[in-house]
Amino acid sequence: MQIICISRGTMSGGKQLAEGLAKKLLYQCLSREDLIEAAIREGIQVGKIETALMKPGLFTERLALEREHYIAFTTAYLCDKVKDGPLVYHGRTGHLLLPGVNHVLRVRVVADWDYRIKAAMKQLNVDRVKAQRYLEAVDEDRRRWAHNLYGVSGDEAGQYDIVINLEQLSVDNAVAALTTISQLPDFQMTPASRRVMDNLNLGARVRLALARDERTGRTGFKVRADNGGVTVTYLPQDSKAAQFIQPVTAGVAGIKELQATMAATNLLWIQEEFKPQSDSFHQVVEIATKWNAAVELVRFESGDAVADSAEKSADPAPVEAAPRAYDGGIEDDVEEAAEGKAGGLAETLEELARLGRSGGGHQVAGGHEHLLKAVDRTAPYTLVVVGDVFLDKSHAVRTRLNRELRSYLSDHIRAPVVGVEDLKSQYLFTKKDALSALLYLGLTAIIYYLVFTHQEPLLNFFVGEEWKTKLMAAVGVFVCTPIVAFLYGNVAKSFLKLIKME
Amino acid sequence: MIDYIIPNFIVLDLGSALQVVLLGFIGGVLSGFIGSGGAFFMTPGMMNLGISGVVAVGSNISHKFGKAMMGSKKHGELGNVDKRLGAFLILTSFAGIRLAVWINSMLFSGGGGGSHGEGGGDAASNLYISLVFVCILSLVAISMLRDALKSGDENGSGPSMKIANFLANIHLPPYVHFPVADVRVSLWVLMLVGLATGYLAGTIGVGGFIGVPAMIYVFGVPTAVAAGTELYLAMFMGAFGALNYAYQGYVDIRLMMLLYLGSLVGIYIGTYGTKVVKEVVIRIVTGSIILLCVVSRGVAIPIYLRQLHLISYDPAWDNYFNLGSKIMLFAAGISGCLLILVNVVKAYRQRRQIQSQIFQAPAEA
């Protein structure tokens, strides 16, 4: 079923466009106001969330839970609506409601600043200055909403498939243009995009079930779903509530397997082929255990391979790995089982689950931007590990592309991004660490010995009367302080790394 | 009676040296747990050991310089530092530090030519530092406890935003945009916050208690970026404060080094603690510890008032006041620290237990 999401600015004419388009295409029309009304009926304190999102300092643990509840509710509500037929949704940041679903046509409606001011003056019956202030405030609130709820800026044109300016274009002609665009194959549902939506829907319904039950409603669970496999992660302090995950979610249709993982943080591991027997797997698990982190796997197939398959299927939209033909909703168990094991993902997830470190996993194919879309940018990742990708390339090309991918991810994800080959040297205690710790310890001991055996002359130097002596004392402190902090800091860091308590 | 090796600096025997290391450790644990510099505990603790307030502040701010340098590097790697915001705050914070150093130096060198004890500038400076400490940290502790208790309440809506809303609603151009923190702030509000942060960092070494809440509540900066940027700012403020206090001869490099011995280990343990303790508990523990530190400093104030001849009582009572203040401070620090350590050890053991169960299961099967 097709979905058209129209992101509209205040007084930009987006509402008329959405209603006109829905009427022309005979689609359902859903506004943000309808969605909010439904969320309020659900018992979500939307007003409080809005205020808190505009002023981030207000965010309490309770409101953070309400936000989770709200996101889960809106996702599930939209997915359920789509089951009834194709849909036009219009409202603030509509294009972000179903992340990664490629058949969503994302439209941004803008209008000239002067046009908007005039519309605001007319509608609110205020003077020009007040109308301008009002629009500036609303735009700022909208920007903060997008940033705090979805971790992105709502103003970037690159987030939309099409941006429409209603200054010159009439609403009727814009409706006609969008009607044509919506018929393009790029915006039709594919088995892959349907699966992404099913995953989102299942994850949202599980989260919603947890939020609705009083035994689990006050706990900040994170839920990921992939082809019926659901992973719920929770913080160590919430382990009491975690015992109710199974009974609370038992009634949610579509769950084939449920994993609950206790984790204080998340570690994202991107690779093309996973092997649970490999050294890199053991290193990732060791680090995850040390940090009490859940490991989320992303099996990433690079762009070229996908481009080939896309050409063959005449579907230019990014697809999930190993795309299959549309089956009319009838799933083949055998095929799915084989597909799930591609690249060792299922096997590795199983092993991670056994070790209590599974944070779920999924497959992505396409370019860097498709990979980024598949990553939950609101999730608190502590580390992103990029393993072997671009396996079909030569060693030199693979190294360069890998470096470029890491650099791209570093620019967009707020967590350190490292190559799998650097894990051992950076995060695990090695012989090299032991040697450098000994060196730093020796140097620290020498400095402390010299200072504490020459206290009187040293302190006399620091209380000199002459301006030159005073200046030298100041420079001495300025230079010594970072040296001591650096040397001893590294000793302390190595010691804690050794006892796995960084 | 305190022995001085040379003017400004006390004799350090093994016992007092170990006490400074302990102060550093507790301060480090609290600092990692709370996310501030820990000076609210270390400065009064050093004063209780007989170290002049101005030397305690000077040594502490130098210690803060190195510690913040190590911390901000890590935050920088995580993308939590808005250097542009830091740069704007640094400029005015330097003015605040200069003001603080000037007041402290004037008080210390005046009224007795910097002598120690009866009627001297030492007492005037100690009194001034203690009063600023008590006033500012009482406000911080009370609002923190009130917010923590409110957020535990079903209908609690979080911290009071009256002042923040008032400042945010004043239209004061020009505005500056900060891309990493993704906020737009009035230049005048920025300057005011920078000045206050610098003044408090220079006077009692706790600029972060003003800087971080201001960045979060007034500027709207995300919490992680506020903490990272504050640490970045603290590095420059620490460097500038260290240069200023060292030029005046008020930095005891021995104390700074002893503080490092404890604090750089403690800070990691404290940070680990935040991952295993609920947010509301963190706020209650933090507020209670700060409040006890305030009361402890308050108990020492009569000593300075008597030394300045503003009140009179038998000088023998000074020892009791000092001892009471010291016991209260250490009790607050140690109990807070123990609470954090117990949770850390519990979580650490729980982790090991789960691991061993996981690894045993297939072997038994």
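Starting afresh in each chain, residues are numbered from 1 along the sequence in its written order. Lettering for chains starts from A, numbering for ligands starts from 1, and both go in the order in which the items are written. With the structure being a predicted model, the display of local features is reserved for residues of pLDDT at least 70 and the display and counting of side-chain atom pairs for 80 or more, all residues being used for whole-chain, interface and lining totals. Each side-chain value is worked out from all heavy atoms of the structure, with water and hydrogens disregarded.

1. Comments concerning the overall build of chain B
Part 1: Across its full length, chain B carries 12 helices and four strands.
Part 2: Long-range contacts, defined as pairs at least 24 residues apart, comprise 77% of the intrachain contacts of chain B with a sequence gap of at least 6.
Part 3: Surface accessibility in these figures is a Shrake-Rupley result with a 1.4 Å probe; residues are shielded only by whichever protein chains are displayed. Accessible area for chain B stands at about 14,300 Å²; split by element, carbon and sulfur atoms hold 69% of it. Strands here are runs of E lasting at least two residues and helices are runs of H or I lasting at least four, both read from the DSSP assignment and numbered beginning at the N terminus. Throughout, a residue-residue contact means that at least one pair of heavy atoms, one from each residue, lies within 4.5 Å.

2. Quick word on the overall build of chain A
Part 1: A count of helical and extended segments in chain A gives 20 helices and 13 strands.
Part 2: Working definition: with a 1.4 Å probe on protein chains only, accessible area under 20% of the residue-type maximum means buried, over 50% means exposed, and in between means partly exposed. Sorting the 502 residues of chain A into buried and exposed places 52% on the buried side.
Part 3: Surface exposure of chain A reaches about 22,900 Å², of which carbon and sulfur atoms provide 55%.

3. Some thoughts on the packing of helix α7 (residues 187–203) of chain B against helix α8 (residues 208–219) of chain B
Residue and element names in this part refer to chain B.
Part 1: Remark: α7 packs on α8, axes separated minimally by 9 Å, with the N-to-C direction vectors making an angle of 160°. As the angle between them shows, α7 and α8 are arranged roughly antiparallel. α8 is crossed by α7, and the crossing has right-handed handedness. Touching Val189, Leu190, Val193, Ala196, Thr197 and Leu200 of α7 are Ile210, Gly211, Ala214, Val218 and Phe219, all from α8.
Part 2: Amino acids are sorted into nonpolar (Ala, Val, Leu, Ile, Met, Phe, Trp, Tyr, Cys and Pro), charged (Asp, Glu, Lys and Arg) and polar (every other residue, Gly among them). For the contact of α7 with α8, the class distribution of residues is nine nonpolar, two polar and no charged. Axis definition: a line fitted to C-alpha atoms, over the contacting stretch in the case of helices. Angles run 0 to 180 degrees between N-to-C directions. Roughly parallel here means an angle under 35 degrees, roughly antiparallel means over 145, roughly perpendicular means 65 to 115, and every remaining angle is called oblique. Crossing handedness follows the turn of the near helix against the far one: under a right angle anticlockwise gives a left-handed crossing, and clockwise gives a right-handed one.

4. Things to note about the sheet that holds strand β13 (residues 417–419) of chain A
Residue and element names in this part refer to chain A.
Part 1: Whether two strands pair depends on DSSP finding at least two bridges between them. Strands sit in the order β11-β10-β9-β12-β13 across an open sheet of five strands; the sheet is parallel. This sheet does not close on itself; its edge strands, each paired only once, are β11 (358–365) and β13. Strand-to-strand twist of the sheet, defined as the mean angle between neighbouring strand axes without regard to direction, takes the value 20°.
Part 2: Two elements, strand β12 (residues 381–386) and β13, share three bridges in a ladder whose sense is parallel. In the strand pairing of β13, Val385 is matched with Val418.
Part 3: Here helix α14 (residues 345–354) sits on the sheet in contact with β10 (293–301) and β11, set at roughly 165° to β11.

5. Observations concerning helix α11 (residues 279–291) of chain A
Residues and elements named next belong to chain A.
Part 1: Expected helix span is given by 1.5 Å per residue-to-residue step, counting one fewer step than there are residues. With 13 residues, α11 should reach 18 Å at 1.5 Å per residue; the first-to-last C-alpha distance of 18 Å fits that figure.
Part 2: The buried count for α11 comes to 10 of 13 residues, which makes it a mostly enclosed element.
Part 3: Buried within α11 we find Ser280, Phe281, Gln283, Val284, Val285, Ile287, Ala288, Thr289, Lys290 and Trp291.
Part 4: Count one or two residues on from α11 and you reach Asn292, which has phi positive near 55°.

6. As for the packing of aromatic side chains
Part 1: Centres within 6.5 Å are what make two rings of Phe, Tyr or Trp a pair, Trp counting through its six-membered ring; a difference in plane orientation under 30 degrees is then read as stacked, over 60 as edge-to-face, and the rest as tilted. Scanning the model with the defined rule gives 15 aromatic pairs over all chains in all.
Part 2: Where A:Tyr448 meets A:Phe452, the ring centres are 6.3 Å apart and the plane angle is 15°; that geometry is what we call stacked. Highlighted residues: A:Tyr448 and A:Phe452, both in helix α18 (residues 431–453), separated by four residues, approximately one helical turn.
Part 3: Our definition puts a charge over a ring when NZ of Lys or CZ of Arg is within 6 Å of the ring centre and also within 35 degrees of the ring normal. Taking the ring centre of B:Tyr313 as reference, the NZ or CZ of B:Arg306 above it sits at 5.7 Å.

7. A look at helix α19 (residues 455–462) of chain A
Part 1: By the burial criterion, the buried members of α19(A) are A:Gln455, A:Leu459 and A:Phe462. Down the axis of α19(A), the buried set is contained in an arc of 50°. They therefore lie on one face. The arc under discussion is defined with respect to the helix axis, by the directions toward the C-beta atoms.

8. Section: the pairing of strand β1 (residues 3–8) of chain A
All names here are of chain A.
Part 1: Within β1, six of the six residues are buried, leaving the element largely enclosed by the surrounding structure.
Part 2: On β1, burial covers both faces: Ile3, Cys5 and Ser7 on one face and Ile4, Ile6 and Arg8 on the other are all buried.
Part 3: As paired strands, β1 and strand β4 (residues 104–110) are joined by six bridges and run parallel to one another. Following the sheet pairing, Ser7 is matched in β4 by Arg108.

9. Here we look at the side chain of B:Ser263
Residues and elements named next belong to chain B.
Part 1: Structurally, the position occupied by Ser263 is in helix α10 (residues 253–276).
Part 2: With relative accessibility at 0%, the residue Ser263 sits in the buried group.
Part 3: When residues no more than four places from it in sequence are discounted, the contact partners of Ser263 are Gly24, Phe25, Gly28, His63 and Lys67.

10. Some details on the environment of A:Gln123
All names here are of chain A.
Part 1: Considering the arrangement of structural elements, one finds Gln123 in helix α5 (residues 113–124).
Part 2: The exposure class assigned to Gln123 is exposed, which follows from its relative accessible area of 58%.
Part 3: In this structure, the C-alpha to C-alpha distance between Gln123 and Met11, residues 112 residues apart in sequence, is 8.9 Å.

11. Quick look at the environment of B:Pro315
Part 1: With respect to the secondary-structure elements, B:Pro315 resides in the loop between α11 (279–307) and α12 (317–364).
Part 2: The exposure class assigned to B:Pro315 is partly exposed, which follows from its relative accessible area of 45%.

12. Some remarks on the nonpolar core
Where a protein is soluble and globular, its nonpolar side chains tend to be buried together.
Part 1: In terms of nonpolar packing, the biggest core is built from 115 residues, with B:Phe40, B:Phe41, B:Leu137, B:Phe219, B:Val221 and B:Ile290 touching the most fellow members.
Part 2: If near-sequence neighbours (up to four positions away) are discounted, B:Phe41 is found in contact with B:Leu23, B:Ile26, B:Gly27, B:Leu30, B:Cys293, B:Leu329 and B:Gly333.
Part 3: For this analysis, a nonpolar core means a set of buried residues of the types Ala, Val, Leu, Ile, Met, Phe, Trp, Tyr and Cys, connected via side-chain atoms within 4.5 Å. In terms of nonpolar packing, the next biggest core, distinct from the first, is built from 23 residues, A:Leu267, A:Val285, A:Ile287 and A:Leu349 among them.

13. Concerning the pattern of salt bridges
Opposite charge on two side chains allows them to pair when their charged atoms are near.
Residue and element names in this part refer to chain A.
Part 1: In the sections that follow, a salt bridge refers to a side-chain nitrogen of Lys or Arg positioned within 4 Å of a carboxyl oxygen of Asp or Glu. All chains considered together, the criterion is met by 20 salt bridges over all chains.
Part 2: The partner of Arg400 in a salt bridge is Glu404, with the nearest N and O atoms 3.2 Å apart. With Arg400 and Glu404 both in helix α16 (residues 395–412) and four residues apart, this pair spans about one turn of that helix.
Part 3: Each member of the salt-bridge network shares a partner with another, and the members are Glu68, Arg207 and Lys222.

14. Remarks on the environment of B:Val265
Part 1: For B:Val265, the position within the fold is in helix α10.
Part 2: Sequence-wise, B:Val265 and B:Val29 are 236 residues apart; in three dimensions their C-alpha atoms are separated by 8.0 Å.
Part 3: Excluding anything up to four places from it in sequence, B:Val265 contacts A:Tyr488, A:Ala492, A:Leu496 and B:Phe25.

15. Here we look at unusual backbone geometry
Residue and element names in this part refer to chain A.
Part 1: Of note, the phi angle at Asn125 is positive, near 60°, even though the residue is not glycine.
Part 2: With respect to the helices, strands and loops of the structure, Asn125 is situated in the loop between α5 and α6 (128–150).
Part 3: Even without glycine at this site, Phe390 takes up a positive phi of about 55°.
Part 4: With respect to the helices and strands, the residue Phe390 is situated in the loop between β12 and α16.
Part 5: Since its relative accessible area comes to 5%, Phe390 is described here as buried.

16. Comments concerning the packing of helix α1 (residues 14–25) of chain A against helix α7 (residues 171–182) of chain A
Residue and element names in this part refer to chain A.
Part 1: α7 packs onto α1 with a crossing angle of 55° between their chain directions and a minimal axis gap of 9 Å. For the element pair α1 / α7, the angle class is oblique. In this structure, the crossing between α1 and α7 has a hand that is right-handed. For the pair α1 and α7, contact is made by Gln16, Leu17, Gly20, Leu21, Lys24 and Leu25 and by Val171, Ala174, Val175, Ala176, Leu178, Thr179 and Ser182, respectively.
Part 2: Per-class residue counts for the contact of α1 with α7 are eight nonpolar, four polar and one charged.

17. Comments concerning the sheet that holds strand β8 (residues 257–262) of chain A
Two orientations exist for strands paired in a sheet by backbone hydrogen bonds: parallel and antiparallel.
Residue and element names in this part refer to chain A.
Part 1: Taken together, the three strands give an open sheet; going across it, the order is β6-β7-β8, and neighbouring strands pair in mixed fashion. Sheet topology places β6 (222–226) and β8 at the edges, where each strand pairs with a single neighbour. With direction set aside, neighbouring strand axes in the sheet form an average angle of 15°.
Part 2: Note that β6 and strand β7 (residues 229–234) share five bridges and pair antiparallel. Across the sheet, the residue bridging to Ala225 is Val230, located in β7.
Part 3: Packed on one face of the sheet, helix α8 (residues 191–212) meets β6 and β7 and runs near 145° to β6.

Functional significance is not addressed by these values, which are geometric in nature.
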